[in-house]
Amino acid sequence: MLRGDFDPPYTLQEGNDEMKSNRWKRNLPLHLMIIPGVILIFLFAYIPMGGIAMAFQKFIPNRGLFGSEWVGFANFVYMINMPDIYDVVRNTVLIAMSKIVLGQFVAIMAALLLNEMRNRRVVRTVQTLIYMPHFLSWVILGGILVDVLSTNGGIVNQLLGVFGIEPIFFLGSNSWFPITLIASDIWKEFGFSTIIYLAALTSINPTLYEAAYIDGANRWKQTLHITLPGIGPIVVLLALLSLGNVLNAGFEQVFMLYSPQVYRSGDIIDTMVYRIGFQDFQYGVSTAVNLFKSVISMVLIIISYRLVYKIANYRIF
Amino acid sequence: MVEPNSLSRKLFHAANYSIMIALSLFCLLPFIHIWAISFSDSAAVNGGLVKLWPVDFNLDAYSYILGDSKFGSAFWISLQRTVLGTLINVLLCVLVAYPLSKESTHFPARSVYVWYFMLTMLIGGGLVPNYMAIKAYGLIDSLWALILPGAVSVYFIVLMLNFFRGLPRELEESAFVDGAGHWTILFKIYMPLSLPSIATISLFAMVGHWNAWFDGLLYLNRPENYPLQTFLQTIITQPDMSKLHDVSQMMNVTTRNVKTAQIFVGMLPILLVYPFLQRFFIKGIVVGSVKG
Amino acid sequence: MLAVTLTLSACSTSNTSSNGESVSPPATGQNNPVNGESSAADETIDPLGKYDPPIDLSVVRSTEWLTFDDENTIDDNIWYDAYLRDLGIKVSNMWTVPSGEAFQSKLNVSISSNDIPDLLSVNAIQLKTLVEAGMIEDLTEIYEKYASEDLKEIMGQDNNQAIHASSFDGKMYAIPALTPAIGTLKMLWIRQDWLDKLKLQPPQTTEEVLQIARAFTNDDPDGNNKKDTYGLSVNKDITSMWNAPGVDGLFQGFGAYPGSWIQDSSGKVVYGSILPEMKPALQMLNQMYKEGLIDKEFGVQDSTKVFESLNAGKTGMFYGDFASPIYANKDTILNVDGAVWNAYPLPSVDGTPANAYLGSTASSFFVVKKGYKNPEAAVKLANYWVHTQYVDVDRSLGQNAETGVAYYPYAILSFSPPLIHLTQHNEVVKALQSGDTSTISEDSQIKIESIKAYRENPKDVGGWLTDRIFGEGHSAMEVVASYLDNQLYVNNALNVPTTPTMSEKMSTLNKMEITMMTRIIMGDVGIEEFDKFVQDWNRQGGEQITKEVNEMN
């Protein structure tokens, strides 16, 4: 076989100038591949990022980003001084974290269980059906949930009644409302989240299972020692990325389902900002809130990125 | 696949099938409800009398939709957007993910690139700056305003680079020995081996493009250019009574059965995509072909 | 001018003079911030003068409520042709959207990115933002100079409230879009067939409302031998201005005006939700909740859910407005044979007639972009609207008589005289009684045809709601007329869109208020919680807001 111009790629070379230029030449296609993405990101992400300045301004539209008055951290101070801010932040974190953790757990379980099913047709049907609720908006589901969860003839309470459980006011009780939010969100999204784990499962080498079987491992052991480690990187990756959402508790859902009697347990940052916006154009405040959310997410992601690298010696991205 | 056949295994299967099928039915119910509403008479719908079966069955809602020329053209625009947008998403995704899947020892610029991309996933400029940028680029009222801003998805890239890194290293090395360059390796070896992950990302991209509606409202100035979801979302709103000059106008309010019929018709195509893509998820094709 | 006067004198069949006094101002434009010096020396101005060569004017449009035929689109229609032909104004749409909600989203982005058209219609908050940012023209002098007498007359019908609401520091920044404020007048809608079946009289007092609610809940008014009915509708917002059966009307029966700014006996502007009259109303709702006369789950039900219960024939009373038959309960007559809805004036705590709240007459504001070279075009457009619609009526710009397609909503600057619906009601009633339809307006003739169709076919929904709104026999307009004729209303007293502290604190205070009301009604806390709320409200910014409102008003 003829050798091309390429050196074997992954041999460490001490860097003298000639080697460096060689590597540059070899890596040139890699730079070419990445360039279109770099340009688009610059145009559509970095240029608009100048808007962050609004968080530190009293933004006046026709004076723009350069002409508006700078107010330092006033917008952040305004945010922190809002009454109930601690309740609201607590609700947000609690609801968002539960959705992330439980949502991922349920999706992984569903993927594993689907993986155990042998009847192709049933598997495909189940997959398709559980994926469907993702496509319903909360505007539609809100109305349906009020009916389904009603204490007065709602199907869920009727079912609970069969087991002798008193009707529960899921949408109107402060102890049940967050649980209802979390459960309905998981129900809506778990099927869709399953897809990615199913894709990850396909990449596990089947010969591993055969070898394990010959060694006498049962399905449970195989799952524990082959399947889970197989999808491990993806699980860790998704967990890490989802930290970007720890302050996003799902505006649309909460907005459609909450009511004054559950403000105490259900009011989140986004719904509060929305109500403020109704009184006035407060671009500064909403930009400040978003920046605050981004910074928290960024810190969390960077810390966990470092941790994963330290513990597992694996760069997740 | 190796399959033991003990009693406990059978019990497990029985339980597993029952749970999953019950879950599926649970997911199906709201769709049946919406379906029933769309085939019902609007008076019954407004009375909340429709549950899981149409009341006073009629096809008014569907004949109304199919008679609306805007629906058809919006559908067509959505189709264009989804196909074009997904192709660009996936292409850019693999083009960026491939270099980033290399070790930084061999591609030193990697870490700079990675953080360049990651940062944009964490911080955004916000609605108004985005709008101003798109306007400055002259993209208002063009289909590109819906495609280009999201063309590079960092989320997809991170997923894809992790899938790429899962491929056996030896493949690449032996290809280099055979004289192949990076372009050849990406398109001839990596991509065919990554069908499940490419299918996953394509599906996500398609769903994203099909469902997106707010960008259409923001960047398109003519309702006749709206993609389907923008068209539907802007119709399904609570009418604003305070803007009303004369009560006789209110007779034109679209009724709920029409709205649900529109939702139903708008959702069907994207629901049908998944069963089609499922054949790319068949277990084992990846490593099997690698070995061969 | 003549037709406008006619509109006013036709307002009420029974009591023209008191009505005229109460709603129309003594003279035109006298409260306007006048800049006398500049107009004195000017040449004669034609309020409807044509531009030659034509000028360009860009606008943004929502097509909600609009219907089109083969000749008309939103970009090219009979009105846009007329503007060019008669005024020399060439109108172009910068953007259009299909609905009001989408319009607001897009308009907010347009404003924030300083990308607005030459003429636009905004709400009070947007108006304030635009004024503060200096993005729109001061119209004070232009309005004085160019407004036709007819326009000034109509703008004066509400004692210049709307013009006041368009002004900041004495400068008029907008032409207000007048709206029939009678839409905010609440009334009690009752299932008359239930009353008759249970041999009950319509209520005069709030106590009787309670008794009727009891009977509607417990005495099986729908005759299905199940206890599945409720006395009164309440939704999770409890009170609401537009488009939903809030129970504002119940509060107003006690002389309480939650959520509204009103004048107290000393002339000071106060916030209705903190006045002691709130207490008995809250206690009554708590009583109704305890007895199950309202749905125990009202706290999570939005208006759609509440309408369902009305339309299914499961709830017998709601506090609505004159337009309720259109959006709230019209399907009852299809779902329940023999259902009859009647409108009654608000029952009061002591049986004397209650005063209903009459809201602002300015629903939105037409403003002109700063730097637009012909800002007076906006005033001319307003003149043109008044001229073609109410003075020298141009039928071709109104409605296609054959197809019923309405053309007048295509106009880019339009509004309704505050009393238009009442005028139509009077015409309809008179013509129904006399059988003579020759002298009445085209709009009213269409309504009479509709009512006749309903009398032929009791399941004709369009005819039914026309009858319930404009017809006779406990119709909505009869209630409205009774309020106006007897001056049974309390005016909105807030004439500024917002104050600095209001922008900052009102959303928090509103949250406090709705939480307090919900908890008292549900019995989580006793009525003493109200006093605590009033204290907190004042302490957390309410007192300051009240001060600012009184200073700025």
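Residues numbered from 1 in each chain as written. Chains lettered and ligands numbered in written order. Predicted model: local features only at pLDDT ≥ 70, side-chain atom pairs only at ≥ 80, totals over all residues. Heavy atoms only, no water.

**Regarding the overall build of chain B**
So, point 1. Counting secondary structure elements, chain B contains 15 helices and zero strands.
So, point 2. With 292 residues in all, chain B has 55% of them scored as buried.
So, point 3. Taking the contacts inside chain B whose residues are at least 6 apart along the sequence as the reference set, 70% of them involve residues at least 24 apart.
So, point 4. Accessible surface, chain B as shown: approximately 11,800 Å² in total, 68% of it carbon and sulfur. (Helix = DSSP H or I, 4+ residues; strand = E, 2+ residues; numbered from the N terminus. Buried < 20%, exposed > 50% of the residue type's maximum accessible area, 1.4 Å probe, protein only. Contact = heavy atoms within 4.5 Å. Areas by Shrake-Rupley, 256 points an atom, 1.4 Å probe, with all protein chains shown as cover.)

**Quick word on the overall build of chain C**
So, point 1. Of regular secondary structure, chain C possesses 23 helices and 15 strands.
So, point 2. What you see for chain C is a C-alpha radius of gyration of 24 Å, in line with the 24 Å of a compact globule of 553 residues.
So, point 3. Projected onto its principal axes, the C-alpha coordinates of chain C cover approximately 75 × 60 × 45 Å.
So, point 4. Looking at the 553 residues of chain C, the share that counts as buried comes to 63%. (Rg over C-alpha atoms; globule rule 2.2 N^0.38 Å.)

**Describing unusual backbone geometry**
So, point 1. Omega for the peptide link from Asp-52 of chain C to Pro-53 of chain C comes to 0 degrees, which places this bond in the cis form.
So, point 2. Looking at the element boundaries, Pro-53 of chain C is found in the loop between helix H3 (36–40) and strand E1 (55–62).
So, point 3. With a phi angle near 70 degrees, Asp-141 of chain B is a residue other than glycine that sits in the positive phi range.
So, point 4. Within the secondary structure layout, Asp-141 of chain B lies in the loop between helix H6 (127–136) and helix H7 (144–147).
So, point 5. A positive phi angle, close to 50 degrees, is found at Gln-487 of chain C, a residue other than glycine.

**A word on the pattern of salt bridges**
So, point 1. Inspection of the entire model under this criterion finds 28 salt bridges over all chains.
So, point 2. Residue Glu-116 of chain A is joined to Arg-9 of chain B by a salt bridge in which the shortest nitrogen-to-oxygen separation is 2.6 Å. Here the residue Glu-116 of chain A occupies a position in helix H4 (residues 85–116), and Arg-9 of chain B occupies one in helix H1 (residues 7–38), the pair thus bridging two chains.
So, point 3. By relative accessible area, which is 8% here, Arg-9 of chain B ends up buried.
So, point 4. With a closest N to O distance of 2.8 Å, Arg-539 of chain C and Asp-536 of chain C form a salt bridge. Of the two residues, Arg-539 of chain C and Asp-536 of chain C both sit in helix H23 (residues 528–552), three residues apart, roughly one turn of that helix. (Salt bridge = Lys/Arg side-chain N within 4 Å of Asp/Glu carboxyl O.)

**A few points about the sheet that holds strand E11 (residues 315–320) of chain C**
All names here are of chain C.
So, point 1. Judged by pairing direction, the sheet is mixed, and its four strands sit side by side in the order E8-E11-E7-E12 without closing on themselves. Two strands lie at the open edges of the sheet, namely strand E8 (230–232) and strand E12 (341–344), each paired on one side alone. Adjacent strand axes in the sheet meet at a mean angle of 20 degrees, parallel and antiparallel pairs treated alike. (Pairing = 2+ DSSP bridges. Axes fitted to C-alpha atoms, helices over the stretch in contact; angles between N-to-C directions.)

**Observations regarding the nonpolar core**
So, point 1. Counting residues in hydrophobic clusters, the biggest one holds 345 residues, and the most contacted among them are Tyr-131 and Phe-317 of chain A, Phe-117 of chain B together with Trp-79, Tyr-83, Phe-251 and Phe-415 of chain C.
So, point 2. The element best represented in this core is helix H8 (residues 177–202) of chain A, accounting for 14 residues.
So, point 3. In contact with Phe-117 of chain B, not counting residues within four places along its chain, are Ile-34, Gly-37, Val-38 and Ile-41 of chain A together with Val-96, Leu-100, Val-152, Val-154 and Ile-157 of chain B.
So, point 4. Grouped together as the second largest cluster of nonpolar side chains are six residues, Val-428, Ala-431, Ile-440 and Ile-451 of chain C included. (Core = buried A, V, L, I, M, F, W, Y, C linked by side-chain atoms within 4.5 Å.)

**Re the interface of chain A and chain B**
So, point 1. Contacts between the two partners involve 91 residues from chain A and, on the opposite side, 98 residues from chain B.
So, point 2. Both faces combined, the contact of chain A with chain B buries some 9,300 Å², and carbon together with sulfur accounts for 75% of it.
So, point 3. Summed over the shared surface of chain A and chain B, the result is one salt bridge.
So, point 4. Summed over the shared surface of chain A and chain B, the result is 15 residue pairs in polar contact (both at pLDDT 80 or more).
So, point 5. The element best represented in the side of chain A that touches chain B is helix H1 (residues 17–46) of chain A, accounting for 19 residues.
So, point 6. Classifying every residue of the side of chain A that touches chain B gives 66 nonpolar, 16 polar and nine charged. (Buried area = accessible area lost by both parts, 1.4 Å probe. Polar contact = N/O pair within 3.5 Å; in protein donor to acceptor, adjacent residues only side chain to side chain. Nonpolar A, V, L, I, M, F, W, Y, C, P; charged D, E, K, R; others polar.)

**Quick look at the domain arrangement of chain C**
Reports of interface size often rely on the accessible area that becomes lost once the parts have come together.
So, point 1. Once the domains are mapped, chain C shows domain 1 (31–180 + 362–410), domain 2 (184–358 + 487–491) and domain 3 (500–552).
So, point 2. Each of domain 1 of chain C and domain 2 of chain C has a C-alpha centre, and the two are 37 Å apart. (Domains from an automatic or database assignment.)

**Overview of the packing of H1 of chain B against helix H14 (residues 256–277) of chain B**
Residues and elements named next belong to chain B.
So, point 1. As a packed pair, H1 and H14 sit with axes 8 Å apart at the nearest point and diverge in direction by 130 degrees. Taken as axis vectors, H1 and H14 run oblique relative to one another. Regarding H1 and H14, the two cross each other, and that crossing is left-handed. Of the residues in H14, those in contact with Phe-31, Ile-34, Trp-35, Ile-37 and Ser-38 of H1 are Arg-256, Asn-257, Thr-260, Ala-261, Phe-264, Met-267 and Leu-271.
So, point 2. Residue composition of the contact of H1 with H14, by class: eight nonpolar, three polar and one charged. (Parallel < 35°, antiparallel > 145°, perpendicular 65-115°, else oblique. Left-handed = near helix turned anticlockwise from the far one by under 90°.)

**Describing the interface of chain C and chain A**
So, point 1. Facing the 32 residues of chain C at the interface are 32 residues of chain A.
So, point 2. The junction of chain C with chain A conceals about 2,800 Å² of combined surface from both sides, 55% of it contributed by carbon and sulfur atoms.
So, point 3. Considering only the side of chain C, the residues that lose the most area to chain A are Glu-297, Val-300 and Lys-511 of chain C, jointly responsible for 23% of the buried surface there.
So, point 4. There are three salt bridges connecting chain C and chain A.
So, point 5. Our count for the contact surface shared by chain C and chain A stands at 11 residue pairs in polar contact (both at pLDDT 80 or more).
So, point 6. Elements that contribute at least two residues to the side of chain C that touches chain A include exactly helix H5 (100–112), helix H6 (124–133) and helix H22 (500–522) of chain C.
So, point 7. Considering every element that reaches the side of chain C that touches chain A, the biggest residue donor is H22 of chain C, with 12 residues.
So, point 8. The residue inventory of the side of chain C that touches chain A, partitioned by class, reads 10 nonpolar, 15 polar and seven charged.

**Looking at the packing of aromatic side chains**
Residue and element names in this part refer to chain B.
So, point 1. A full pass over the atoms with the stated rule returns 50 aromatic pairs over all chains.
So, point 2. Ring centres of Tyr-131 and Tyr-219 lie 6.4 Å apart, and the angle between their planes is 15 degrees; this geometry places the pair in the stacked category. Pair noted here: Tyr-131 is in helix H6 and Tyr-219 is in helix H12 (residues 214–219), with a separation of 88 residues, a long-range link. Tyr-219 carries the same exposure label as Tyr-131, and that label is buried. (Phe/Tyr/Trp six-rings, centres within 6.5 Å; stacked < 30°, edge-to-face > 60°.)

**Comments concerning helix H9 (residues 169–177) of chain B**
Three- or four-residue spacings in an α-helix give side chains the same orientation, since the helix completes a turn every 3.6 residues.
So, point 1. What H9 of chain B keeps buried is the set Leu-171, Glu-172, Ala-175 and Phe-176 of chain B. Summarising the axial view, the buried residues of H9 of chain B lie within an arc of 130 degrees, below the 170-degree limit, and thus occupy one face. (Arc of directions from axis to C-beta.)

**Some details on the sheet that holds strand E3 (residues 119–122) of chain C**
Residue and element names in this part refer to chain C.
So, point 1. Pairing is antiparallel in the open sheet, where three strands are placed in the order E3-E14-E6. Single-partner strands in this sheet number two, and they are E3 and strand E6 (175–178). Averaged over all neighbouring strand pairs, the angle between strand axes comes to 30 degrees, with direction disregarded.
So, point 2. Bridge count for E6 against strand E14 (residues 362–368) is four bridges, and the pairing is antiparallel. Within the sheet, the bridge partner assigned to Ile-175 lies in E14 and is Phe-366.
So, point 3. Strand contacts of helix H17 (residues 376–391): E3, E6 and E14, with the helix running at about 25 degrees to E6, the strand carrying the most contacts.

**Considering the side chain of Ser-167 of chain C**
Residue and element names in this part refer to chain C.
So, point 1. Position of Ser-167 among the secondary structure elements: in strand E4 (residues 167–168).
So, point 2. Relative accessible area serves as the criterion here: at 16%, Ser-167 is assigned to the buried category.
So, point 3. In terms of polar contacts, Ser-167 uses its side chain to reach the backbone carbonyl oxygen of Ile-163, at 2.9 Å.

**Some points on the environment of Asp-158 of chain C**
All names here are of chain C.
So, point 1. Structurally, Asp-158 is set in the loop between helix H8 (149–155) and helix H9 (161–165).
So, point 2. Relative accessible area serves as the criterion here: at 6%, Asp-158 is assigned to the buried category.
So, point 3. Taking C-alpha positions, Asp-158 is 26 Å from Trp-65, a pair spaced 93 residues apart along the chain.

**A look at the environment of Leu-422 of chain C**
So, point 1. Relative to the elements of secondary structure, Leu-422 of chain C occurs in helix H18 (residues 420–434).
So, point 2. Sequence spacing of Leu-422 of chain C and Ala-476 of chain C is 54 residues, and the spatial spacing of their C-alpha atoms is 10.0 Å.

**Points about a nonpolar patch on the surface**
So, point 1. Taken together, the side chains of Trp-24, Leu-28 and Leu-32 of chain A together with Leu-91, Trp-183 and Phe-187 of chain B define a hydrophobic patch exposed on the protein surface, amounting to about 600 Å² of accessible area.
So, point 2. Ranked by the residues each element gives to the nonpolar patch, the list is headed by H1 of chain A, at three residues.
So, point 3. Of note, Leu-91 of chain B is situated in helix H4 (residues 69–100).
So, point 4. When its relative accessible area of 43% is taken as the criterion, Leu-91 of chain B is described as partly exposed. (Patch = residues over 30% accessible without salt bridge, like charges linked within 9 Å, V, L, I, M, F, W, Y side chains within 5 Å.)

**Considering the pairing of E11 of chain C**
A regular strand places its side chains so that they alternate between the two faces of the sheet.
All names here are of chain C.
So, point 1. Of all six residues in E11, six are buried, a share of seventy percent or more.
So, point 2. Where strand E7 (residues 187–191) lies against E11, four bridges are found, and the strand directions are antiparallel. Residue pairing across strands places Trp-189 opposite Phe-318, the latter belonging to E11.
So, point 3. Sheet topology places E8 next to E11; two bridges connect them, and they run parallel. Residue Tyr-230 lies in a different strand from E11, and its bridge partner there is Thr-315.

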